[in-house]
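Residue strings, one per chain:
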Amino acid sequence: DPTVRADVYSLGVILADLLRREAMDVASASAPTTPLPAAAAARRDALHSVAARATAHDPAMRFASVAEMARALEQATTGPVGLRRGPFSRQGYWAT
């Protein structure tokens, strides 16, 4: 039976894949990398937590709605550093 929590799972898989690809891009860069500032590392960890909850094995542990997941994502990306809307945005292009 397709449910909202199945949709949340699918979104979590996409988010986890994007986070994994970003980590692979950083790891394969030829220039030496510097450690992330603490706030950026906390934001990355918060995004991984959102992905982990969205892809929980037990559907009851996942977000109950896409709106709930969206709020968690917004909270994760507006953490200590905070993000602002980009100058050319309509509804969600975020720029640091």
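Residues numbered from 1 in each chain as written. Predicted model: local features only at pLDDT ≥ 70, side-chain atom pairs only at ≥ 80, totals over all residues. Heavy atoms only, no water.

### A look at the overall build of the protein
Reasoning step 1: Per the secondary structure count, the protein includes three helices and two strands.
Reasoning step 2: Listing every helix and strand of the protein by position from the N terminus yields α-α-α-β-β.
Reasoning step 3: In the protein, buried positions account for 19% of the 96 residues.
Reasoning step 4: Restricting to contacts in the protein with at least 6 residues of sequence separation, those with at least 24 account for 62%.
Reasoning step 5: In the form shown here, the protein has an accessible surface area of approximately 7,000 Å², with 59% of it arising from carbon and sulfur atoms. (Helix = DSSP H or I, 4+ residues; strand = E, 2+ residues; numbered from the N terminus. Buried < 20%, exposed > 50% of the residue type's maximum accessible area, 1.4 Å probe, protein only. Contact = heavy atoms within 4.5 Å. Areas by Shrake-Rupley, 256 points an atom, 1.4 Å probe, with all protein chains shown as cover.)

### So, the confidence of the model for the protein
Reasoning step 1: Looking at the protein, pLDDT values average 78 and 66% of them are 70 or higher.
Reasoning step 2: Mean pLDDT across the elements of the protein ranges from a minimum in strand β2 (residues 94-95), with 42, to a maximum in helix α3 (residues 66-77), with 93.
Reasoning step 3: Scored below 50 in pLDDT, residues 80-96 makes 23 contacts in the model with residues more than four places away or belonging to other chains. (pLDDT = per-residue confidence, 0-100.)

### Section: the nonpolar core
Reasoning step 1: Residues Val 8, Leu 15, Leu 19, Leu 47, Val 50, Ala 51, Ala 54, Phe 63, Met 69, Ala 72 and Ala 76 constitute the largest nonpolar core, which totals 11 residues.
Reasoning step 2: Looking at this core element by element, the count peaks at four residues for helix α2 (residues 38-54).
Reasoning step 3: The residues touching Ala 54, leaving out its near neighbours within four places in the chain, are Val 8, Tyr 9, Gly 12, Arg 62, Phe 63 and Met 69. (Core = buried A, V, L, I, M, F, W, Y, C linked by side-chain atoms within 4.5 Å.)

### What to know about the pattern of salt bridges
Reasoning step 1: Taken as a whole and assessed by the stated rule, the structure comprises four salt bridges.
Reasoning step 2: Arg 44 is the salt-bridge partner of Asp 45, the closest N and O atoms lying 3.2 Å from each other.
Reasoning step 3: Assessed through its relative accessible area of 41%, Asp 45 is described here as partly exposed.
Reasoning step 4: Of the charged contacts in the structure, one is a salt bridge between Glu 68 and Arg 53, with a shortest N-O distance of 3.0 Å. Of this pair, Glu 68 sits in helix α3 while Arg 53 sits in helix α2, and the two are 15 residues apart along the sequence.
Reasoning step 5: Each member of the salt-bridge network shares a partner with another, and the members are Asp 17, Arg 20 and Arg 21. (Salt bridge = Lys/Arg side-chain N within 4 Å of Asp/Glu carboxyl O.)

### With respect to the side chain of Arg 62
Reasoning step 1: Within the secondary structure layout, Arg 62 lies in the loop between α2 and α3.
Reasoning step 2: Buried charge Arg 62 goes without a salt bridge, the closest partner of opposite sign being Asp 58 at 7.2 Å.
Reasoning step 3: Among the polar contacts listed, one links the side chain of Arg 62 to the backbone oxygen of Ala 56, at a separation of 2.8 Å.
Reasoning step 4: Not counting residues up to four positions away in its chain, the partners in contact with Arg 62 are Arg 5, Ala 6, Val 8, Tyr 9, Arg 53, Ala 54, Thr 55, Ala 56 and His 57. (Lys, Arg positive; Asp, Glu negative; His and termini not counted. Polar contact = N/O pair within 3.5 Å; in protein donor to acceptor, adjacent residues only side chain to side chain.)

### Let's talk about the environment of Ala 67
Reasoning step 1: Looking at the secondary structure, you find Ala 67 in helix α3.
Reasoning step 2: You can call Ala 67 partly exposed: its relative accessible area is 42%.
Reasoning step 3: Counting along the chain gives 59 residues from Ala 67 to Val 8, while the straight-line C-alpha distance between them is 9.7 Å.

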